[in-house]
Amino acid sequence: MTDAKRQAALDYHAHPIPGKLSVELTKPTATARDLALAYSPGVAEPVREIAKDSENAYLYTGKGNLVAVISDGSAILGLGNLGPLASKPVMEGKGVLFKRFAGINATDVEVNAESPQAFIDTVARIADTWGGINLEDIKAPECFEIERALIEQCHIPVFHDDQHGTAIVTAAGMLNALDIADKSLEEARIVCLGAGAAAIACMKLLVSCGARSDNLIMLDRKGVIHTGREDLNQYKAMFAVDTDKRTLTDAIEGADVFVGLSGPGLMSADHIRRMADNPVVFACTNPDPEIAPDLAHAARPDVIMATGRSDYPNQVNNVLGFPFIFRGALDVRATRINEEMKVAAVHALKDLAREPVPRAVLEAYDSPAMSFGRDYIIPTPIDVRLLERVSSAVAQAAVDSGVARRPYPSHYPLKTVADVYAS
Ligand SMILES: O=C([O-])CC(=O)C(=O)O
Ligand SMILES: [Mg+2]
């Protein structure tokens, strides 16, 4: 980042008031009567009702439209383990996106936990506060156990965004990119650089969408994950292949697809030149991708390129997923976010990219035209139709798969965030 851009980012966060989120009131508080309702003595009435039946919390408090964004700061973006407090700008940022794109109120919670069990215990004890929990930027392999335990212990949906949000958006973009390249997921030779939470979840979802695991090579910091290695945890071991390839240079030869969820600048122009025709390169580490799009395009004019960033075409970033997935899940009071709901989100995202792009999106991106193709494989986050399509698909899948505690919402489809409380 240039000094000017760096300063602009710091100024954005500091001024006119520190941070990016604030709390607002939803009820009148001007008079003594108002205060007597909002607080003592009136507040005792909903207390009694919730004590009688915990479901009443959805009726009398903000719980049903409130999500916690919870991190321990152990894997902040692609920056590494910088601790809980340093993750706060990202967690506030996720809150901004929840509110802006899906009308969901979010509180960020940064947990200083000495162990995965301490993290689990802390979150489990406070989970009833919210309607859902979005786990964020927690490192692998601890994140897998943390998510599993919290799904089991909490009565609300718990979703590790870096795993499933990223995987859903990657799968949608990948199906479209391969279609444009005139290739199929079933045939594609895939190289995944990175073996953390996002990488493992992305590859699992690609396999369940049709990719062949014997066509897939995953690399961690030590190189290719192969069956001869004895240092693999159970999650990496699932992707071990019997191969004599050892390095990225070996693995990338003739590959159709590169997915990077690793670290900045780890892919070179030479790597990209070794790939097959019309290579698909998703360099998704944030903020700095595995290879800069300009460098990739210069090395390979036929590349179909995506990053996680807002300042290049094809933003494959979980922002396209988590706001709308939680919207759909909250609105049917789903007990969990299951595979059916994730797959429904993949298809909703993939299909939306094939429709004409609204004028408001062109204006927001200052672009004369955008249409399904190499530079537009996935909708942009600013596209208001995401709220309608993804939330509806997720809510319907929750109902159909039996995890919804409420029927498909009568106020759906949502056209804007102003419709959120229309039920
Ligand atoms: O925050 C983002 O832009 C996407 C994300 O979850 C990450 O990189 O960890
Ligand atoms: Mg993240």
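Residues numbered from 1 in each chain as written. Chains lettered and ligands numbered in written order. Predicted model: local features only at pLDDT ≥ 70, side-chain atom pairs only at ≥ 80, totals over all residues. Heavy atoms only, no water.

Chemist: Break down the environment of A418 for me, with residues and values.
Modeler: The topology assignment puts A418 in the segment after α17 (385-400). When its relative accessible area of 67% is taken as the criterion, A418 is described as exposed. A sequence separation of 77 residues divides A418 from M341, and the C-alpha atoms of the two residues are 24 Å apart. (Helix = DSSP H or I, 4+ residues; strand = E, 2+ residues; numbered from the N terminus. Buried < 20%, exposed > 50% of the residue type's maximum accessible area, 1.4 Å probe, protein only.)

Chemist: Now, about the site of ligand 1: what can you tell me, with residues and values included?
Modeler: Taken together, L77, K94, E136, D137, D162, N286, N317 and N318 make up the full set of residues adjacent to ligand 1. Relative to its unbound accessible area of 260 Å², ligand 1 is 81% covered by the protein chains. Considered class by class, the residues forming the shell around ligand 1 number one nonpolar, three polar and four charged. (Near = heavy atom within 4 Å. Areas by Shrake-Rupley, 256 points an atom, 1.4 Å probe, with all protein chains shown as cover. Nonpolar A, V, L, I, M, F, W, Y, C, P; charged D, E, K, R; others polar.)

Chemist: I'd like to hear about the coordination of the magnesium ion (ligand 2), residue by residue, with values.
Modeler: Bound to the magnesium ion (ligand 2) are the protein donor atoms E136 (OE), D137 (OD) and D162 (OD), situated 1.9 to 2.0 Å from the metal. Ordering the donors of the magnesium ion (ligand 2) by residue number gives the pattern E-D-x24-D. Taken together, the residues span a long stretch of sequence, with E136 in the loop between β3 (132-135) and α7 (142-153) and D162 in helix α8 (residues 161-180) at a distance of 26 residues. The exposure class of D162 is buried, given its relative accessible area of 14%. (Donors = N, O, S within 2.8 Å, 3.2 Å for Na, K, Ca; no water.)

Chemist: Please set out the sheet that holds strand β7 (residues 223-224) residue by residue, giving values where relevant.
Modeler: Sheet strands line up and pair through hydrogen bonds in the backbone, either parallel or antiparallel. Strand order in this open sheet of six strands is β7-β6-β5-β8-β9-β10, and the pairing throughout is mixed. Pairing within the sheet leaves two strands with one partner each, and these edge strands are β7 and β10 (304-307). Two strands pair when backbone bridges link them, and strand β9 (residues 280-283) and β10 are joined in this way by four bridges, in the parallel orientation. Across the sheet, V281 pairs through a bridge with M305, a residue of β10. Packing of helix α9 (residues 197-208) onto the sheet brings it into contact with β5 (190-193), β6 (216-220) and β8 (257-260), and relative to β6 it is tilted by some 175°. (Pairing = 2+ DSSP bridges. Contact = heavy atoms within 4.5 Å. Axes fitted to C-alpha atoms, helices over the stretch in contact; angles between N-to-C directions.)

Chemist: Give a detailed account of the pairing of β5, specifying residues and quantitative values.
Modeler: On a regular strand, one side chain projects to one face of the sheet and the next to the other, so that they alternate. Residues I190 and C192 of β5 are buried on one face, and the alternating residues V191 and L193, pointing to the opposite face, are buried as well. In this structure, β5 lies alongside β6, joined through four bridges in parallel fashion. Looking at the pairing, I190 lines up with L216 of β6. A crossover connection joins β5 to the parallel β6 through α9; in handedness this β-α-β unit is right-handed. Judged from the four bridges that link them, β5 and β8 form a sheet pairing that is parallel. Bridging across to β8, V191 finds its partner in F258. (Right-handed = clockwise from strand over helix to strand, strands pointing away.)

Chemist: An account of the confidence of the model for the protein chain is requested, with residue identities and associated values reported.
Modeler: In low-pLDDT regions, the fine details of the predicted coordinates are not to be read closely. For the protein chain, mean pLDDT is 97; residues scoring 70 or higher make up 100% of the total. Here the prediction assigns the complex a pTM of 0.97, and the interface score ipTM is 0.98. (pLDDT = per-residue confidence, 0-100.)

Chemist: Can you explain the packing of aromatic side chains? Please cite residues and give values.
Modeler: Scanning the model with the defined rule gives five aromatic pairs in all. Between F98 and F326, the aromatic rings sit 5.5 Å apart at their centres with planes inclined by 75°, giving edge-to-face as the arrangement. Taken together, the positions of F98 in helix α5 (residues 88-102) and F326 in helix α14 (residues 322-331) put the pair 228 residues apart, joining distant regions of the chain. What makes F326 buried here is its relative accessible area of 0%. For the ring pair Y408 and Y412, a centre distance of 5.6 Å and an interplane angle of 85° mean the geometry is edge-to-face. Residue class for Y408 comes out partly exposed when judged on its relative accessible area of 30%. For Y412, a relative accessible area of 9% puts it in the buried group. Three or more aromatic residues joined by ring pairs form one cluster here, namely F98, F159, F322 and F326. Geometry around Y58 places R333 over its ring, the cationic atom sitting 4.1 Å from the centre. (Phe/Tyr/Trp six-rings, centres within 6.5 Å; stacked < 30°, edge-to-face > 60°. Lys NZ or Arg CZ within 6 Å of the ring centre and 35° of its normal.)

Chemist: Please set out the state of the cysteines residue by residue, giving values where relevant.
Modeler: The tally for this structure, following the rule as stated, stands at zero disulfides. Looking at the unpaired C154, the closest cysteine sulfur is the one in C143, lying at 16 Å. Residue C154 is classed as buried on the basis of its relative accessible area, which comes to 8%. Here C209 stays free of any disulfide, with the sulfur of C202 as its closest cysteine sulfur at 11 Å. On the basis of relative accessibility, which here comes to 22%, the residue C209 falls in the partly exposed class. (Disulfide = S-S within 2.5 Å.)

Chemist: An account of unusual backbone geometry is requested, with residue identities and associated values reported.
Modeler: Cis geometry is adopted by the peptide bond preceding P287, which originates at N286 and carries an omega value of -5°. In this fold, P287 is placed in the loop between β9 and α13 (293-299). The residue D182 is not glycine, and still its phi comes out positive at about 60°. By secondary structure assignment, the location of D182 is in the loop between α8 and β5. A relative accessible area of 72% places D182 in the exposed class.

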